[in-house]
Amino acid sequence: KRMDSITSDINKIAFRDTNKNYRYLFPSDILYLKAAAQWSIVHTKTETFQVWGLLADYEKSLPYSFRRIHKSYLVNMKHIRRISNYTVLLDLGEV
């Protein structure tokens, strides 16, 4: 196991939203990120917001539990309930 998967909930990840405000989230609170041109859209259990940066940038800083399942989606594997054909069912719905 990689060390970052063990310590994934100790450190918060900083996101800079489109209003230039910083939001700090524990990785376990993030369901997935979706690419949107030069932006990314962060989906949590309680909110969705747009942030500066490419998925590739976040992929490097997020813990081992996050996987790129498509060129436009970076998913927290801890929230996956089922994978079927080309559909992923998360705790709160499909991706």
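Refer to the structure printed above.
We now turn to the structure provided with this report.

**Details of the overall build of the chain**
Turning to step 1, where the next piece is worked out: In terms of regular secondary structure, the chain is built from two helices and 10 strands.
Turning to step 2, where the next piece is worked out: In the chain, the succession of α and β elements from N to C terminus is α-β-β-β-β-β-α-β-β-β-β-β.
Turning to step 3, where the next piece is worked out: Counting over 95 residues, the chain shows a buried share of 37%.
Turning to step 4, where the next piece is worked out: A separation of at least 24 residues holds for 35% of the contacts in the chain among residues at least 6 apart in sequence.
Turning to step 5, where the next piece is worked out: Only carbon and sulfur atoms are counted for the fraction: they give 49% of the accessible area of the chain, which is about 6,100 Å².

**Examining the pairing of strand E6 (residues 66–70)**
Turning to step 1, where the next piece is worked out: Direction of pairing for E6 relative to strand E7 (residues 73–76): antiparallel, over a ladder of four bridges. Across the sheet, the residue bridging to Arg-68 is Leu-74, located in E7.
Turning to step 2, where the next piece is worked out: Hairpin geometry of E6 and E7 is characterised by an intervening segment of two residues between the two adjacent antiparallel strands.

**Observations concerning the pattern of salt bridges**
Opposite charge on two side chains permits pairing when their charged atoms draw close.
Turning to step 1, where the next piece is worked out: By the definition in use, this model includes three salt bridges.
Turning to step 2, where the next piece is worked out: For the salt bridge of Asp-17 with Arg-23, the shortest nitrogen-to-oxygen distance reads 3.0 Å.
Turning to step 3, where the next piece is worked out: In this structure Asp-17 comes out as buried when scored by relative accessible area, which is 3%.
Turning to step 4, where the next piece is worked out: A salt bridge links Glu-47 to Arg-23; its shortest N-O distance comes to 2.7 Å. Pair noted here: Glu-47 is in the loop between strand E4 (39–44) and strand E5 (48–52) and Arg-23 is in strand E2 (residues 22–25), with a separation of 24 residues, a long-range link.
Turning to step 5, where the next piece is worked out: For Glu-47, a relative accessible area of 32% gives the class partly exposed.
Turning to step 6, where the next piece is worked out: Salt bridges sharing common partners tie together Asp-17, Arg-23 and Glu-47.

**Re the sheet that holds E6**
Turning to step 1, where the next piece is worked out: Reading across from one edge, E5-E4-E3-E7-E6 is the order of the five strands in this open sheet, with antiparallel pairing throughout. One side of each edge strand has no neighbouring strand; the edge strands of this open sheet are E5 and E6. Across this sheet, the average inter-strand angle for adjacent strands is 25°, counted without regard to direction.

Criteria and cut-off values
Residues numbered from 1 in each chain as written. Predicted model: local features only at pLDDT ≥ 70, side-chain atom pairs only at ≥ 80, totals over all residues. Heavy atoms only, no water. Helix = DSSP H or I, 4+ residues; strand = E, 2+ residues; numbered from the N terminus. Buried < 20%, exposed > 50% of the residue type's maximum accessible area, 1.4 Å probe, protein only. Contact = heavy atoms within 4.5 Å. Areas by Shrake-Rupley, 256 points an atom, 1.4 Å probe, with all protein chains shown as cover. Pairing = 2+ DSSP bridges. Salt bridge = Lys/Arg side-chain N within 4 Å of Asp/Glu carboxyl O. Axes fitted to C-alpha atoms, helices over the stretch in contact; angles between N-to-C directions.

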